[in-house]
Amino acid sequence: MWFFIGQFLSDIMQSINSYIHRAQAKKSTTAYRSTWQRLHIDFFLFTSVLAVITMGLFILYSAANQNMHIVEKQLLRFLIAFFIMLIAAQIPPQRFRQWTPVIYFLGLMLLAAVLAIGVVSQGAERWLDLGVVKFQPSEIMKIAVPMALAWYFKDRQLPPSFKDVVIAGLIIIVPALLVAKQPDLGTALMISISGACVLLLTGLNWRWIGGSLLALVASTPVLWHFMHNYQRQRVLTFINPARDPLGTGYHIIQSKVAIGSGGVLGKGWLNGTQSHLNFLPAHATDFIFAVCGEELGLIGSTVLIVLYLFILYRCIYISLKAQDTYTRLLAGGLALTFFVSFYINIGMVTGIFPVVGIPLPLISYGGTSIMTLLTAFGILMSIHTHRKLNTK
Amino acid sequence: MKKRLRIKNHQQELRLFQKRMIFTCIGVGVLIGLLFFRLFDLQVVEHNKYTTMSTQNHLELLPIAPTRGLIYSRDGILLAANKSVFSLEITPDDVKNLKQTITKLKQIIPISQDDTDSFWRLVRRRPQYQGIPLKYHLSKQDVAKLYVNMYRFPGVHIKAHLMRYYPEGKYFAHTVGYVSRINPRELARVNPTNYAATNFIGKTGLEQYYEKQLHGLVGYQEVEVDAQGRIVRTLERVAPVPGKNLYLSLDVGLQIAATKAMGKYNGAVVVIQPSTGQILAMVSTPNFDPNLFVDGISEKTYRKLADSKAEPLFNRDIRGQYPFGSTAKPIEALEALNDKVITPQYTIFDPGWFKLPNYHHIYHCWLRTGHGNVDLHRAIVVSCDTFFYNLAHMMGIAKIDTVFNKFHLGHTMHIDIDGELNGIVASPEWKQRVKDKPWYPGDTIISGIGQGSMLATPLQIANVTAELANRGTAYYPHLLVKTTSQDDKTTTMFKPTEEQSIIFPHWIWHFVIKAMVGVVTEPEGTGWRFGRGLQFSAAAKTGTAQVYSDTGTQVKGKKVIPIRLRSQSLLIAFAPVKHPKIAIAVLVEHSPHVAPEVAHKVVEYYMMHQHHLHDKSLAPPPLLPVDSTTPPPTPAKSSQQLITPFNND
């Protein structure tokens, strides 16, 4: 442990050092690095994230019935998360590569611990109470699983062999099952998807992709058997929301009413009736996109989605510019995970997907997912800013 | 193999990765396109549908009930009021410990187990932020005690609402009627929007007949509510239009006097002001307390009323159909003289019975010993049956029916209470149609003394009296005088409808009315019980009708006739003779000789209090005296603004 901390501190010192000696570097014959690069911050990604967060805080202010206290709390979380992001950005990718197995197995142990001694929160064991902070280990796995896969494939020949795919599958399945057991279907799904994204990028044989999709469909009855009753209700409701309009179908109907009634221009910021009069459930957390749709209309929703696509574009760009397999797979995996997380949330809120408890990244009220997400962006920045610059 | 594995082709891997990434980007593009398609579908294509749903979600129209119109008597005494009643309500959301609160409240006012049981039932069913009633009908003492202690009970409220109340209670049970909780069948008949906030509807009497005027128009407020149904703010408010107040022709003093005069007897009293057709009193006994019905009558109490042999719920004035008895004699005399069937000098000898030629059946006079020589005047005065058996035989049933129809018998009086019955003017066709039997000569004979199948309601009999009093002209009897808006700004007078005049030569009217005066004043007159001690001139005719009289013979063979088979007593009278102010019909069931005494008390009360009763402002224009030669004036066409008694058809 101390070894890691020592490494970590030396990395930080190194980046500060390089910043201080930028004048020297400028004069040297090596390629020019901008101030942002010296700070290991990717300017494009940073501003896009900041734009989404700013827009998100305005939406949250309205969704929280103009409760400034909630916005301040969220802002504080962002500040902490930004700090963590900046620190993550200072750590060179090879360090992440070294730590990967440790992070992954530590995460697995924490998940087991949650199952053993987790405190019951909202009917599901997700939180590990560390005395001062409540901690959700399943969130770590969203990053740890792509890391572990990238680490596993870094020295292996791509496209992967059958044996490699099986091992990769285990790397994904074990934490996903532990999370699903909590039960937290949404995060388990996100973990599996983050793993699947990396596998897709390794150049996995199309036949295997098709085969596993078929297997997934075939295993639906088995999955159904293992589902909790509320999860089954959600799926049934997705198939037919009118089945139970006041019960499980209520969420999705009210959410569609909110978005639909917003129209092109929206009802105006702070003027949404669905959210302010509490018809829309969870309007500050999982269903916050409906507030955006209701108050800011099609235009506001489009702006938000386009901002997300900016972030996505930059992440994919970073992955394409990455210089080795590990960073390439990790960056690509994280980028696609980000896409899937906002896409599933918006899809759920607009009724494309069944209701799963996935928050809208960077906007939904709540702490843990913000930390994870900004840490991921930090890693992406680190990957991009620690590249060896090849002079032509 | 191992060696091959270690060698990684970085360029190839990068190309593979780029290929995959491009493929993924295409996938992302397709998915994002799908998302925008979905948003477009929701926010543009189906925008209107969802806007409607959103509006329905948060905007509500809350109806506000209009205040029901009041009902006053002609002398301005309140007959139907809206009383504030107080109930104790608890809002569970605002109370920390419900059980403890109720225990504490029990120490202040009595709260029954039933009250608490129904309270807990409601607590489980209703939203917790709403007031839930714990006790209804708080007494003034309870309210006072609770108000003093209110500061100790957050979330406990005393709520006032309006409930119908009948201050005069049983005296107007059959005329004013009562309101009660509206039921689905009634709700289907009325405009449900207008009754959205109304809990009560007129069930009987004037409350039912003038429901439309009394109810008023519903108001509403548009409010914004949140998902829990809590009102966030009021956007718009349209005040309800309160119902109209009714002023009746009924006089409280006379009504009570008539009810008291009836005493323990069952029957009916109808008093009409002949010049206007206004009903001054309309009594049906036994009666009941209409207040019992307003907030739901208990099954036990209702059974007791409904199953009673005396039928207190039965409105005898308009639904009781009785034989005329001898009160039919004066009108038969009118027709007989007019048609020159007999002359005033025509005399017969009454041996105490009458027999049709070629028939063996003997029709007895009420006086078994007979009246000796009887002319028409004396026949009316002593109510000689034999004379009228003979007269009926001479007239034939067609002429008897003609005069009955002239006096508007056999038709409803279009009084402003629903459920009035027609009565029966029996004719050969009627008997063939209804009873499928031929008309026997004997049927005609007993019709001569108002027996047989001839039936009339007390209201119809009173109307006949008014027609006699006015010498042939009258308004249809009615109860409403005027309606006013609740701010007293607009008044609508009731326009009574004139009946078709009955035309006889003046001397015939004079002759018959003189005979009716004789009933009261002459020593032999059958109306002596009515006339003794009266301070003014009056004309009357008594009647005794048999209840079960298929053959026209009296029920006999028993020394004590059971009450329900005893003859009923009838009296019609008007006074003063020259300018009649009052026409009265009294019917007492199963108790001979009582009606004249009841009528005496009622008429005496009226004459003693007449100055109070004579209010010129309430009267419509007096009827024109009808000359026997000129046709009656056609009634003015009522404009739509005026209420006519036929508005129900």
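Residues numbered from 1 in each chain as written. Chains lettered and ligands numbered in written order. Predicted model: local features only at pLDDT ≥ 70, side-chain atom pairs only at ≥ 80, totals over all residues. Heavy atoms only, no water.

A. Focus on the packing of helix H5 (residues 68-90) of chain A against helix H17 (residues 368-385) of chain A. Residue and element names in this part refer to chain A. Two numbers describe how H5 lies on H17: the axes approach to 7 Å, and their chain directions differ by 30°. Considering their axes alone, H5 and H17 lie roughly parallel with respect to each other. Considering only the axes of H5 and H17, their crossing is right-handed. Facing Gln74, Arg77, Phe78, Ile80, Ala81, Phe82, Ile84, Met85, Ala88 and Ala89 of H5, the residues of H17 in contact are Ile370, Met371, Leu374, Thr375, Phe377, Gly378, Ile379, Met381, Ser382 and Thr385. (Axes fitted to C-alpha atoms, helices over the stretch in contact; angles between N-to-C directions. Helix = DSSP H or I, 4+ residues; strand = E, 2+ residues; numbered from the N terminus. Parallel < 35°, antiparallel > 145°, perpendicular 65-115°, else oblique. Left-handed = near helix turned anticlockwise from the far one by under 90°. Contact = heavy atoms within 4.5 Å.)

B. Molecular detail of the confidence of the model for chain B. Residue and element names in this part refer to chain B. Averaged over every residue, the pLDDT of chain B is 84; the share at 70 or more is 89%. In this model, residues 1-5 is a region of pLDDT below 50 whose contacts with residues beyond four sequence positions or in other chains number 3 contacts. Counted against residues more than four places away or in other chains, residues 549-561, with its pLDDT under 50, gives 12 contacts. (pLDDT = per-residue confidence, 0-100.)

C. The arrangement of the sheet that holds strand S22 (residues 568-575) of chain B in detail. Residues and elements named next belong to chain B. Strand order across the open sheet formed by 5 strands is S14-S13-S23-S22-S21, with antiparallel pairing between neighbours. A strand with exactly one partner marks an edge of an open sheet, and here the two such strands are strand S14 (278-285) and strand S21 (539-545). The sheet shows a mean angle of 5° between the axes of neighbouring strands, taken without regard to direction. Relative to strand S23 (residues 582-588), strand S13 (residues 267-273) runs antiparallel, the two being bridged by 6 bridges. Pairing of Val270 across the sheet is with Ala585, part of S23. Sitting on the sheet, helix H10 (residues 252-262) is in contact with S13, S14 and S23, with an inclination near 30° to S14. (Pairing = 2+ DSSP bridges.)

D. Representation of the packing of aromatic side chains. One pass over the structure, following the stated rule, counts 33 aromatic pairs over all chains. Judged by centre distance (4.2 Å) and plane angle (15°), the ring pair of Tyr178(B) and Phe293(B) falls under stacked. Of this pair, Tyr178(B) sits in the loop between strand S5 (156-165) and strand S6 (179-181) while Phe293(B) is found in helix H11 (residues 291-294), placing the two residues 115 residues apart along the sequence. Of the two residues examined, Tyr178(B) and Phe293(B), each falls in the buried class. The rings of Tyr308(A), Phe338(A), Phe339(A), Phe342(A), Tyr343(A), Phe353(A) and Phe377(A) are connected pair by pair, giving a single aromatic cluster. The side chain of Arg156(A) reaches across the aromatic face of Tyr152(A), ending 3.9 Å from its centre. (Phe/Tyr/Trp six-rings, centres within 6.5 Å; stacked < 30°, edge-to-face > 60°. Buried < 20%, exposed > 50% of the residue type's maximum accessible area, 1.4 Å probe, protein only. Lys NZ or Arg CZ within 6 Å of the ring centre and 35° of its normal.)

E. Quick look at the sheet that holds strand S1 (residues 59-64) of chain B. All names here are of chain B. If you trace the 3 strands from one edge of the open sheet to the other, you get S1-S9-S10, paired in antiparallel fashion. The strands lining the two open edges of the sheet, one partner per strand, are S1 and strand S10 (231-238). Within this sheet the neighbouring strands show an average axis-to-axis angle of 30°, counted without direction. Alignment of strand S9 (residues 219-225) against S10, held across 6 bridges, turns out to be antiparallel. The residue of S10 that forms the bridge with Val223 is Thr234. This element, helix H3 (residues 47-58), spans S1 and S9 of the sheet and lies at about 45° to S1.

F. Region of interest: a nonpolar patch on the surface. A surface patch of nonpolar side chains, about 610 Å² in accessible area, is lined by Val264(A), Leu265(A), Ile299(A), Val303(A), Phe40(B), Val44(B) and Val45(B). When residues of the nonpolar patch are traced back to their parent elements, those giving at least two are helix H15 (288-321) of chain A together with helix H2 (10-45) of chain B. The element that contributes the greatest number of residues to the nonpolar patch is H2(B), accounting for 3 residues. Its place among the elements puts Phe40(B) in helix H2. (Patch = residues over 30% accessible without salt bridge, like charges linked within 9 Å, V, L, I, M, F, W, Y side chains within 5 Å. Areas by Shrake-Rupley, 256 points an atom, 1.4 Å probe, with all protein chains shown as cover. Salt bridge = Lys/Arg side-chain N within 4 Å of Asp/Glu carboxyl O.)

G. Spatial organisation of the interface of chain A and chain B. Between chain A and chain B, the residue contacts involve 56 residues of the former and 40 residues of the latter. Of the roughly 4,100 Å² buried at the junction of chain A and chain B (both faces included), carbon and sulfur atoms supply 70%. Of all residues in chain A, Leu277(A), Arg328(A) and Tyr343(A) give up the largest surface area on contact with chain B, accounting jointly for 15% of the area buried on that side. Scanning the region where chain A abuts chain B turns up 0 salt bridges. Run the count over chain A and chain B and you get 14 residue pairs in polar contact (both at pLDDT 80 or more). Where the side of chain A that touches chain B is concerned, the elements lending two or more residues are helix H9 (185-201), helix H10 (206-218), helix H13 (250-262), helix H14 (273-276), H15 and helix H16 (325-349) of chain A. Here the side of chain A that touches chain B gets 12 residues from one element, more than from any other, and that element is H15(A). (Buried area = accessible area lost by both parts, 1.4 Å probe. Polar contact = N/O pair within 3.5 Å; in protein donor to acceptor, adjacent residues only side chain to side chain.)

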